[in-house]
Amino acid sequence: MGCDGGTIPKRDELVRTKKKPEQKDKSSMQLYRWRNCHLTQGPLRPPIVACGMGLLYNKESVLQYLVNKTPFPEASAHIKSLKDIKALRLTPNPAFNGKAQSVGGYIDNNCSPFICPLVGLEMNDRSKFCFLWKCGCVISERGLKLGADNKCVNCVMEYEDDDIVVLNPTEEDIALMKTKLAKRKDKIKSKKNKVKQEVVVKEEPVDEEEKPIIPPILPIKTENDIKKEIKKEQIKKEQIKRPIPSAAGSSSSVTSANCRKLEDPVYKKAKLTHSISKDQTATNVYKSLFTSHEDDKNQTRAHWITYNPFYN
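In this text, all values refer to a predicted model and were calculated from it rather than measured experimentally. (Residues numbered from 1 in each chain as written. Predicted model: local features only at pLDDT ≥ 70, side-chain atom pairs only at ≥ 80, totals over all residues. Heavy atoms only, no water.)

Draft legend 1. Layout of the overall build of the protein. When you go through the protein residue by residue, the secondary structure sums to ten helices and ten strands. Classification of the 312 residues of the protein by burial places 23% in the buried group. If you sum the accessible surface of the protein, you get close to 25300 Å²; carbon and sulfur atoms cover 56% of it. (Helix = DSSP H or I, 4+ residues; strand = E, 2+ residues; numbered from the N terminus. Buried < 20%, exposed > 50% of the residue type's maximum accessible area, 1.4 Å probe, protein only. Areas by Shrake-Rupley, 256 points an atom, 1.4 Å probe, with all protein chains shown as cover.)

Dropping the structure here:
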């Protein structure tokens, strides 16, 4: 107790020093970024999206910022519309229950809700993960190296090196992500400019003097065409030679002639004025069946087909 008996005190026990400020745990900070939205700091829930810098968001929170026109934080200031974010294709972790698990007295809270679909690594700060801007597939860096010919191992879509975006990048990767983001925007602008130039070229009028003179292509007439033309000329000549009827009787004569042509012979027989006895096309045997025949008019007994009350 009185520093006797062979005790050797340390310097920090004898000299009072300033206490160091508490330092944040880097692993816990990284784990927080993988679990929470970068805008609202709330837990991530599907649909989950990411920006060109690799930061994770809830799509709902991004929409609220855009609709309300609230300013984004400095790290997300490059988001101007929904075109600046990409929906992620995540693979759920079957071992994740949503709660901390106790393993041999140790509480494991680092179990990630998503994994790499190829290697099976959990999506957290222990391993680097990235996604492809064209398809949105989330793959670990180790799993991405398994592919070849710049094709996505998950959905077999072609991509370029500028389409690879690291999720939750470190300070070393932030500069690389900025250059890739600028290159993608430049490509989109160049495509739009090409389309505009093509449209302007199509809309520009061409001078008539500069137009090439193309001789007209005359159709080749066959023998049948020549014969048809000759017949048409003959019909026109005959129509000219015919006498034109007077204006008064022209309309009545034409209409009566047309009516006679259009009148059906069956319709004539249905009229009340029609008499079978006067029909020249009917035979004498057929006429004798009806009471209008002369033999029936002169007989003193009833007709065998019709009922005549005068003879009963």
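Draft legend 2. Geometry of the packing of aromatic side chains. Within the structure shown, the criterion is met by three aromatic pairs. Seen in terms of ring centroids, Trp 34 and Phe 129 are 6.3 Å apart; in terms of plane orientation they differ by 70°. Their pairing is edge-to-face. A residue pair is termed long-range when its members are at least 10 positions apart, and Trp 34 in helix α2 (residues 26-35) and Phe 129 in strand β8 (residues 129-132) qualify at 95 residues. Overall, the relative accessible area of 7% leaves Trp 34 in the buried class. Phe 129 gets classed as buried once you look at its relative accessible area, which sits at 0%. The lysine or arginine in question, Arg 184, covers the ring of Trp 133, its NZ or CZ lying 5.0 Å from the ring centre. (Phe/Tyr/Trp six-rings, centres within 6.5 Å; stacked < 30°, edge-to-face > 60°. Lys NZ or Arg CZ within 6 Å of the ring centre and 35° of its normal.)

Draft legend 3. Main features of the sheet that holds strand β2 (residues 56-58). An order of β2-β1-β3 is seen for the three strands of this open sheet, with the pairing classed as antiparallel. Either end of the sheet is taken by a strand with one partner, and the two such strands are β2 and β3 (85-87). Pairwise comparison of adjacent strand axes, ignoring direction, gives a mean angle of 40° for this sheet. When strand β1 (residues 48-51) meets β3, the two strands line up antiparallel, connected through three bridges. Bridged to Val 49 within β3 is Ala 87. In this fold helix α3 (residues 59-68) packs onto β1, β2 and β3, with an angle of close to 75° to the strand it touches most, β2. (Pairing = 2+ DSSP bridges. Axes fitted to C-alpha atoms, helices over the stretch in contact; angles between N-to-C directions. Contact = heavy atoms within 4.5 Å.)

Draft legend 4. Inspection of the side chain of Lys 287 at higher detail. With respect to the helices, strands and loops of the structure, Lys 287 is situated in helix α9 (residues 284-287). One polar contact links the side chain of Lys 287 to the main-chain carbonyl oxygen of Asp 279, over a distance of 3.1 Å. If we skip the residues at most four places from it in the chain, Lys 287 touches Ile 276, Ser 277, Asp 279, Ala 282 and His 293. (Polar contact = N/O pair within 3.5 Å; in protein donor to acceptor, adjacent residues only side chain to side chain.)

Draft legend 5. Focus on the pattern of salt bridges. A full pass over the atoms with the stated rule returns five salt bridges. Put simply, Asp 173 and Lys 128 hold a salt bridge, and the shortest N to O gap is 3.3 Å. Highlighted residues: Asp 173 in helix α5 (residues 171-203) and Lys 128 in the loop between β7 (114-115) and β8, separated in sequence by 45 residues. A salt bridge links Lys 187 to Asp 162; the nearest nitrogen and oxygen atoms lie 3.6 Å apart. In this pair, Lys 187 is assigned in helix α5 and Asp 162 in the loop between α4 (141-144) and β10 (164-166), connecting sequence segments 25 residues apart. In this structure, a network of salt bridges that share partners links the residues Glu 160, Asp 162 and Lys 187. (Salt bridge = Lys/Arg side-chain N within 4 Å of Asp/Glu carboxyl O.)

Draft legend 6. Highlighting a positive patch on the surface. Side chains of Lys 80, Lys 83, Lys 185, Lys 189, Lys 192 and Lys 196 sit close together on the surface and give a patch of like positive charge. Tracing the backbone shows Lys 80 in the loop between α3 and β3. (Patch = residues over 30% accessible without salt bridge, like charges linked within 9 Å, V, L, I, M, F, W, Y side chains within 5 Å. Lys, Arg positive; Asp, Glu negative; His and termini not counted. Charge placed at Lys NZ, Arg CZ, Asp CG, Glu CD.)

Draft legend 7. Up close: the pairing of β8. Of the two faces of β8, both are covered, the one formed by Phe 129 and Phe 131 as well as the one formed by Cys 130 and Leu 132. Here three bridges tie β8 to strand β9 (residues 138-140), and the two strands are oriented antiparallel to one another. What sits directly across from Cys 130, in β9, is Ile 139. In this structure, the hairpin formed by β8 and β9 is closed by a connection of five residues, where Gly 136 is found at a positive phi of approximately 85°.

Draft legend 8. The pairing of β1, seen in detail. Across the two faces of β1 the burial is the same, with Ile 48 and Ala 50 and Val 49 and Cys 51 all buried. Here β1 pairs with β2 via three bridges, running antiparallel. Paired with Ala 50 across the bridge in β2 is Leu 56. What sits between β1 and β2 in their antiparallel hairpin is a turn of four residues, with Gly 54 showing a positive phi close to 85°.

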